[in-house]
Structure formats: C-alpha cells, structure tokens
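Structure assessment
Chain residues, written in single-letter form:
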Amino acid sequence: MPAILIAENDPRLSSMMQRTLFANGFTVRVVADGTSAYSIARSGNFDLMVLAAGLPGLGAAEVLRRLRAEGRALPVVVLTPRAGRARTAAWFKGGADDCIAKPFASDELLSTVQGRLGATRSAQRTTISCGGLKLNLRTGRAHIGDYAVDLSARECALAETFMRHPGQVLTREQLHRHVWGHDRDSDSNVVDQYVRYLRRKLGANWFVALRGVGYRLEARKN
C-alpha cells in the first residue's frame, strides 16, 4: 500500500486530500508545517509527498531544495496558488516532480499522485500495455498486433503519458507538463503536433480529440 505524506496547513484541504487518497488505497500522514515535512520526508517511509507552498516554518522551496541537495529522489507534488508559467517552471527547476494549482478537485489530486507513482515505478519496467497497444520504454518501439513502429523520445514519452491514463481526458497543459517538463506557451501547438505524429504511426482512432479541452486515449482492442 503506497504511503503519502501531505504537508498542508489548511485543515479543510488536508482533510479532503486525506479522505480522497485513503479511499483509493493509500496510507496517508498529514503535517502542517515545513519543518515537520522535511524531517519526516527524510525517513524513507513514504512513496510521495504532496507539499503546499506557503507552509509555516521551513518554506516549501527550502524543503525541496534540502531534499534534492541530499540526493533524495522522493517524488514531490507541489500545491501552488494560481500563478503564471514562470512560477510553475521555477518549482520544476527547484526539483518538483509535478504541480497542482489551487483550487483543485479531488480527482485531479488522485490522477496526479497515481501518475507520479506510476512514472517512478516505470523505471523498473520495460514494457507497458493498454488495450491492444504495447510500448517498450527502453527501445521506444510500439506494437499493435504484428505491427511495430519506432517512436522518437518525445513521441514515446507522450504515448506513455496517454497509456498511464487510459480513458482519461488530458488537457494540453497537462500533457505539455508531463512530457516537456513545464507549462506550454499559450501560442504553442507542440502537443497537437506530436499527437498528429502518434496518429500517423499508431492510427488516428487511438487518440480522441475533445475540442477546446485536450485528448483521450481510447483503450481499444484490435
């Protein structure tokens, strides 16, 4: 059972997160200040930490800086107030694995936590499958039945992101953040461009576009 450390000083928000994660099979511990978060995160007893910006005591940025300076690879999802691209990019540069802007829904929290844990575990796995689609993460080769095709590094990362969230609508911002490591520029169509690449190589029916929202992987069988 994965163990999650939540560092959030808003009791209503921390309670909502605790209930959501516990109901979905996680062990959860909540702390309300940065000093406790840093101390407990170093124990090695947790699989991921949800770290809120604006904690009393040791600030979230300093907690993150110290953990990374010590070489600790604990995945960290930072809860931020609504902010621009530059601020979000600064958290990634500081060592965050993902960011969620407040306010957020419980399903966004759950999806992000599950996605981060899945990405961490993927380092131990070579091949992932979804419906009739298989992807070798080491070689970047995708298989659909007897058909096989090589993907570029970005195409492979994008395909993996879709396959780890089958049937879930992913916004362009989420896809850009997971694959390119930061929020997209407002005038950038790189996500759409790479989805087109995947459609050409794997078939258009796999990737369903939701106008003005994003894309969903249709986990079908051949």
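Everything in this summary refers to the structure shown in the same document. (Residues numbered from 1 in each chain as written. Predicted model: local features only at pLDDT ≥ 70, side-chain atom pairs only at ≥ 80, totals over all residues. Heavy atoms only, no water.)

1. Things to note about the overall build of the protein
- Each helix and strand counted, the protein has eight helices and 12 strands in total.
- Residues counted as buried form 45% of the 222 residues belonging to the protein.
- Long-range pairs, those at least 24 residues apart, make up 56% of the contacts in the protein between residues at least 6 apart in sequence. (Helix = DSSP H or I, 4+ residues; strand = E, 2+ residues; numbered from the N terminus. Buried < 20%, exposed > 50% of the residue type's maximum accessible area, 1.4 Å probe, protein only. Contact = heavy atoms within 4.5 Å.)

2. Quick look at the sheet that holds strand 8 (residues 141-144)
- Pairing is antiparallel in the open sheet, where four strands are placed in the order 6-7-8-9. At either end of the open sheet lies a strand with only one pairing partner, and these are strand 6 (127-130) and strand 9 (147-150). Between one strand and the next, the sheet's axes are offset by a mean angle of 20 degrees, whatever the strand orientation.
- Where strand 7 (residues 133-136) meets strand 8, four bridges bridge the pair, whose relative direction is antiparallel. Its bridge partner being in strand 8, Leu135 is matched across the sheet by Ala142.
- Strands strand 6, strand 7 and strand 9 of the sheet are contacted by helix 6 (residues 153-163), whose axis makes an angle of about 130 degrees with strand 7.
- Taken strand by strand, helix 8 (residues 190-202) contacts strand 7, strand 8 and strand 9, and its axis lies near 145 degrees from that of strand 9. (Pairing = 2+ DSSP bridges. Axes fitted to C-alpha atoms, helices over the stretch in contact; angles between N-to-C directions.)

3. What about the environment of Ala32?
- Looking at the element boundaries, Ala32 is found in the loop between strand 2 (27-31) and helix 2 (34-41).
- With a relative accessible area of 40%, Ala32 lands in the partly exposed category.
- Taking the C-alpha atoms as reference, Ala32 lies 9.3 Å from Ala52; in sequence the two are 20 residues apart.
- With sequence-adjacent residues up to four places away left out, Ala32 is seen in contact with Glu8, Asn9, Leu55 and Pro56.

4. A closer look at the packing of helix 2 against helix 3 (residues 60-69)
- Two elements in contact, helix 2 and helix 3, have axes whose closest approach is 9 Å; the angle formed by their N-to-C orientations is 20 degrees. Comparing their axes, helix 3 and helix 2 come out roughly parallel. Considering the relative orientation of helix 2 and helix 3, their crossing is right-handed. Side by side, helix 2 and helix 3 meet where Gly34, Tyr38 and Ala41 of the first sit next to Val63, Arg66 and Leu67 of the second.
- Class assignment for the residues of the contact of helix 2 with helix 3 results in four nonpolar, one polar and one charged. (Parallel < 35°, antiparallel > 145°, perpendicular 65-115°, else oblique. Left-handed = near helix turned anticlockwise from the far one by under 90°. Nonpolar A, V, L, I, M, F, W, Y, C, P; charged D, E, K, R; others polar.)

5. Brief notes about the pattern of salt bridges
- A complete count under the given rule lists 12 salt bridges for this structure.
- The residue Arg66 makes a salt bridge to Glu62 at a minimum N-O spacing of 2.8 Å. Here Glu62 and Arg66 lie together in helix 3, a separation of four residues that amounts to about one turn.
- Of the residues examined, Arg66 reaches a relative accessible area of 30% and is grouped as partly exposed.
- Exposure remark for Glu62: the relative accessible area of 25% places this residue in the partly exposed category.
- In this structure, Arg72 and Glu70 form a salt bridge, with 2.7 Å as the shortest nitrogen-oxygen distance.
- Through salt bridges that share partners, Arg42, Glu70 and Arg72 make up one connected network. (Salt bridge = Lys/Arg side-chain N within 4 Å of Asp/Glu carboxyl O.)

6. A look at the sheet that holds strand 11 (residues 207-210)
- Reading across from one edge, 10-12-11 is the order of the three strands in this open sheet, with antiparallel pairing throughout. A single partner strand is all that each edge strand has here, and the edge strands are strand 10 (169-171) and strand 11. The sheet shows a mean angle of 30 degrees between the axes of neighbouring strands, taken without regard to direction.
- For strand 10 and strand 12 (residues 214-217), the ladder comprises three bridges, and the chain directions are antiparallel. Residue pairing in the sheet places Val169 in a bridge with Arg216 of strand 12.

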